[in-house]
Amino acid sequence: MTPLLHTENLVRRFGGITAVNDCSIIVEEGSITGLIGPNGSGKTTLFNLITSIYKPDSGNVYLRQKKITQVPSHQLCHQGLSRTFQITRLFWDLSVLENMIVPVRQVGFRSLLGPGMHRYEEVRALDLLERVGLEHLKNQPARKLSFGQQKLLEFAAILMSEPDLVLLDEPAGGVNPTMIRFIMDLIRSLNQEGVTFLVVEHNMSVVMELCDHILVLDQGQKIAEGPPHIIQSDPIVLEAYLGD
Amino acid sequence: MGRIIRWWPLPVLILLLIYPWVYREPYFHVLGFNVLLFATMATSWNIMGGYTGYKSLGHSAFFGLGAYLVAIAANQLGWNPLWSSPILALVVTLVAFGLGWIMVRTSGSAFVIATIAMLLIFRLLALNLRGITNGAPGLSQPLPPWTPEFSRMPFYYYMLIWLIIAVATSAYIRHSRFGLGLLAMHDDEGKAEMVGVHTTLYKVLAFGVSAYFVGLGGGVWSYFSTHISPVFAFDIIVGVEMILMTMLGGLGTVWGPVLGAFIFIPASDLILFQFGSTTIHLAILGGLMIFILLFLPRGILPTISHWLEERRTPRTAHTGARSMAEMQDKRSAAVTSEIKPAGDYDPVIINNKQETL
């Protein structure tokens, strides 16, 4: 296995607080890697560093051994890196189908003036919408969807850019058990098709069941990593969660 | 039926074509020209302010720049404004690209203030570069060659052509990949950036394009009024009126700015007549703006289409219940099982962390 994404000694400070402190992680190609840690341990900050929303104070991020530290967010999508947000973010006034079309890999001036939606893109979008059970809502504005449906739409939409690596920020947060099960199945089947996942999740049963490798962060540092059954009984991890 | 409705612009266009021959007094030709001029400029402003949501209050800068470029070219080089306006408006667009490249780095109210500052800078330049602009007295232009009784009609038809081109451009952008990116940015710029939209480039392009028809309108207006001065060419009210009529008709819609202009300009003329040449019509304009914001915050067209949509689809049609039920059908095997903890790990961890669920 080769690393698809790795970070090297990432540091990010906010005033006096070091949110991410000398953090080096590796995400193997084809894996579902979990990223866990107590609240405020730097998980989302790490996501924001990887996706260039924040600039690191020092350290680097590599995708396929290629440095992507200073690559603007909008280009990362074209290089195969996509993410969802902890609080679902959609284009609320656009239709479900239009939400699917925006994140299509596209570069160059000529495509800008082309039609808003190509036939093959629509076919692919409807395909993905059917997979998440939203195809009958394709012409509804995104704001009319229920919370769970919005989460599914956000997930489905980033798949339109055919990502190699997807960063999921709490995919199971705030959704009912049926939907959690559905999302887990979806992640697993996409993983079978070759998509690599890095997942932040607070729901431990989901993380333990879904991930084949887990990274544990505490106070901005990686304190442990390994397969789920090792992490569960790791005394350092338990201490981080339970406190002294 | 839907087919017939789609052809509605045609009878409207015919009405607009015969209008100057029905109402033959020069006043009506001036009014018609003003409506078409502002409809064109509001349509143009809407590409940036409506689609993208970056509301520029300084588009008068492009209006004045177009007016001055055309007047200077007419005086110094003898260029006829009717063909030089569309060409010199390209220069305005280039200037807007350059300024936009700086200004789109701000957002929200900072952007609005930056555009006002831009307008004031242009106004100061027009007042003080006396060698080029003749300062405060302004510039005069040669009169149009046609006979006085027809003097307004060519302007009317000329502006009608440009309104059609502007609306076609706006509609084309609205349905292109570019327009989809602009609308996406309007809803969530950070998210749009994350899914691969080059937001800075999109904003600069939209800003430049939205300056084009405003600059062109300024050029035609300078020929129409034969004399321009900094106070009138770089008047913030021109930009404010573009925004008002766009908001009245419907921000971010193709036809909203046009409808808004067709209501707003005659209405403000009526108000002006009622109160003579005082500035009270400005106060009434302000009152109208507050009225629109309070009672028609989305504008006429979006309000109507929302109303039609509500009537067409019963409220229960598109809620979560149906799709969840369908999903459960599809995945009946999966849903019957609750989430099972995998392996025996410390249950305290779950209890501790499930508060976020």
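Everything quoted here is computed from the prediction, not taken from an experiment. (Residues numbered from 1 in each chain as written. Chains lettered and ligands numbered in written order. Predicted model: local features only at pLDDT ≥ 70, side-chain atom pairs only at ≥ 80, totals over all residues.)

(A) Highlighting the overall build of chain B. A tally of regular secondary structure across chain B gives 19 helices and 2 strands. Expressed as a percentage of its 357 residues, the buried residues of chain B come to 44%. For chain B, restricting intrachain contacts to residue pairs at least 6 apart in sequence, the fraction spanning at least 24 positions comes to 78%. (Helix = DSSP H or I, 4+ residues; strand = E, 2+ residues; numbered from the N terminus. Buried ≥ 20, exposed ≤ 12 C-beta atoms within 10 Å, placed from the backbone. Contact = placed C-beta atoms within 7 Å.)

(B) Layout of unusual backbone geometry. Even without being glycine, Gln-65 of chain A reaches a positive phi, approximately 65 degrees. Along the chain, Gln-65 of chain A turns up in the loop between β5 (58-63) and β6 (66-67). On the neighbour-count criterion, Gln-65 of chain A (9 C-beta atoms within 10 Å) is exposed. One non-glycine residue with positive phi stands out, namely Thr-226 of chain B, at about 60 degrees. Its location among the elements puts Thr-226 of chain B in the loop between α11 (199-225) and β2 (227-228).

(C) Quick look at the confidence of the model for chain B. All names here are of chain B. Put simply, chain B has an average pLDDT of 84, and 85% of its residues get 70 or more. Every residue in residues 316-357 is under pLDDT 50, and counting partners more than four places away or in other chains gives 57 contacts. Across the predicted assembly, pTM comes out at 0.86 and ipTM at 0.88. (pLDDT = per-residue confidence, 0-100.)

(D) Structural context of helix α15 (residues 280-295) of chain B. For α15 of chain B, which comprises 16 residues, the first-to-last C-alpha distance of 23 Å matches the rise-based estimate of 22 Å (1.5 Å per residue) to within 8%. Little of α15 of chain B is tucked away: 0 of the 16 residues are buried. (Expected span 1.5 Å × (residues − 1).)

(E) Geometry of helix α7 (residues 177-192) of chain A. Helix length check: α7 of chain A (16 residues) gives 23 Å between terminal C-alpha atoms against 22 Å at 1.5 Å per residue, within 8%. One or two residues past the end of α7 of chain A sits Gly-194 of chain A, with phi positive at roughly 110 degrees.

(F) Broad picture of the nonpolar core. One finds Ala-156 of chain A together with Phe-38 and Met-159 of chain B to be the most contacted residues of the largest nonpolar core, which totals 161 residues. Looking at this core, the element that brings in the most residues is α11 of chain B, giving 15 residues. Ala-156 of chain A has contacts with Met-100, Leu-128, Leu-129, Val-132 and Leu-134 of chain A, leaving out every residue within four places of it along the chain. (Core = buried A, V, L, I, M, F, W, Y, C linked by C-beta atoms within 7 Å.)

(G) Structural view of the sheet that holds strand β8 (residues 165-169) of chain A. All names here are of chain A. Read from one edge to the other, the open sheet built from 6 strands follows the order β7-β8-β9-β4-β10-β11, with strand pairing classed as mixed. The sheet is open, and its two borders are formed by β7 (81-83) and β11 (221-226), each paired with just one other strand. Geometrically, the sheet is characterised by an average inter-axis angle of 20 degrees between neighbouring strands, direction not taken into account. Note: β8 against strand β9 (residues 196-200), 5 bridges, orientation parallel. Bridge pairing links Leu-167 to Leu-198 in β9. Its contacts with the sheet put helix α1 (residues 43-50) on β4 (32-36), β7, β8, β9 and β10 (213-218), and the angle it makes with β8 is roughly 145 degrees. (Pairing = 2+ DSSP bridges. Axes fitted to C-alpha atoms, helices over the stretch in contact; angles between N-to-C directions.)

(H) How the structure looks around the environment of Thr-44 of chain A. All names here are of chain A. When you line up the elements, Thr-44 lands in helix α1. Take Thr-44: there are 18 C-beta atoms within 10 Å of it, and that puts it in the partly exposed class. For the pair Thr-44 and Asp-169, spaced 125 residues apart in sequence, the C-alpha to C-alpha distance is 7.3 Å. Ignoring sequence-local partners within four residues, the contact set of Thr-44 consists of Gln-86, Asp-169 and Val-200.

(I) Expanded view of the pairing of β10 of chain A. Residue and element names in this part refer to chain A. The buried fraction of β10 amounts to 5 of the 6 residues, a majority that puts the element mostly inside the structure. With 4 bridges joining them, β4 and β10 adopt parallel strand pairing. Paired with Leu-35 across the bridge in β10 is Leu-215. One ladder, built from 5 bridges, connects β10 with β11; its direction is antiparallel. Looking at β11, one finds that Val-216 is bridged to Ala-224. In this structure, the hairpin formed by β10 and β11 is closed by a connection of 2 residues, where Gln-219 is found at a positive phi of approximately 50 degrees.

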